[in-house]
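The lines below spell out each chain.
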Amino acid sequence: SNLNTLFATSWDDGSELWAIEDAISTDDVRATSFEPVVETGELYLGDTSGKVYKINSETAETQEVATLNREIQRLSYDSNDRLFAVLAQESEDTDEDENQSSRGRTNKEFSVVCVDDRDVEWEVGIGESSNDIPSLLVADGSVVVIDTEGVLRAFDAETGAEQWVI
C-alpha cells in the first residue's frame, strides 16, 4: 500500500493472511515504486536505498538478501537463483540538468545488475532519463530491457554481454 505496508491476502476469499507495517525501513516516503517479485513462494522487494528483501509468502519472515546502494526501480528473478535489478542514481549536474531541476525534473542514470548470492556479478549502463523507467524481463537465459531511449536490448544472463539490439 502507499502507507508502506505489505499485505498478503487469500486468493479464495480476499481475507488478510498477514501484513508487515513499515515493510521497507527507509526515511523515504516512496519506499518502493514497483510491485514485489514473486518466485518459488517468496517475495522479493527492493527499496529506494538499494536494499533487497526476501519475504516468505506463507510466514512473512523477512530477510535482507542484498544491498545495491542505489535506488531500485525494477526487480526480476530467474530459476538459477539470480536476482536482476534496474538501478537508478542521479546524474552528475550539467547546465542542462540545472534547467531541468528548476522545473522539478532530475536526470537519472540507469543500469541493470545481476546479483548472485549477495554479490553483483555484472552491471551494464542502459541510459539516462528524467521520467522514464526502463522495463525489465528475464527469460530463457536472457535479460531484456527497453532502455530510456525506447531501444530493446538483450543481455546474456550469465555474463551481461549484449546479445542483440532493436
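This text goes with the structure placed above it.
Residue positions are given per chain, counted from 1 along the sequence in the order it is written. Local features in this predicted model are restricted to residues whose pLDDT is 70 or higher, and side-chain atom pairs enter the listing and the counts only when it is 80 or higher, whereas totals over whole chains, interfaces and linings include all residues. Where side-chain values are given, they derive from all heavy atoms of the structure, hydrogens and water being excluded.

J.: Explanation requested: the sheet that holds strand β4 (residues 42–46) in the structure shown.
T.: Strands qualify as paired when DSSP identifies two bridges or more between them. Under the scheme used here, helices are H or I runs from DSSP no shorter than 4 residues and strands are E runs no shorter than 2 residues, and both carry numbers assigned from the N terminus. In space, the 4 strands of this open sheet follow the order β3-β4-β5-β6, with antiparallel pairing throughout. Of all the strands in the sheet, the pair left with one neighbour each is β3 (37–39) and β6 (62–67). When strand polarity is set aside, the average angle formed by the axes of neighbouring strands in this sheet is 25°. Where β3 and β4 come together, 3 bridges link them in antiparallel fashion. Across the sheet, E39 pairs through a bridge with E42, a residue of β4. Axis definition: a line fit to C-alpha positions, over the contact stretch in the case of helices; interaxial angles, taken between N-to-C directions, run 0 to 180 degrees.

J.: Is there a simple way to explain the layout of surface pockets in this structure?
T.: Leftover empty space is mapped by rolling, across the atoms, a probe with the size of a water molecule. The rule is simple: put a 1 Å grid over the protein atoms alone, call a set of points where a 1.4 Å probe fits but cannot get out a cavity, call an open set with protein on both sides within 12 Å along at least five of seven lines a pocket, and count a residue as lining if it has an atom within 4 Å of a point. Grid points are joined across faces, edges and corners, and a volume is the space filled by probe spheres set on the points. Of the volumes computed, that of the second largest pocket is approximately 220 Å³. Around the second largest pocket, the lining comprises 13 residues; the ones closest to its centre are V65, Y77, D81, D117 and R118. Of all the secondary structure elements, the ones that give two or more residues to the lining of the second largest pocket are β6, β8 (82–90) and β9 (108–116). Note that Gly is not counted as nonpolar here; it falls among the polar residues with everything else outside the nonpolar set of Ala, Val, Leu, Ile, Met, Phe, Trp, Tyr, Cys and Pro and the charged set of Asp, Glu, Lys and Arg. Partitioned by chemical class, the residues of the lining of the second largest pocket number 6 nonpolar, 1 polar and 6 charged.

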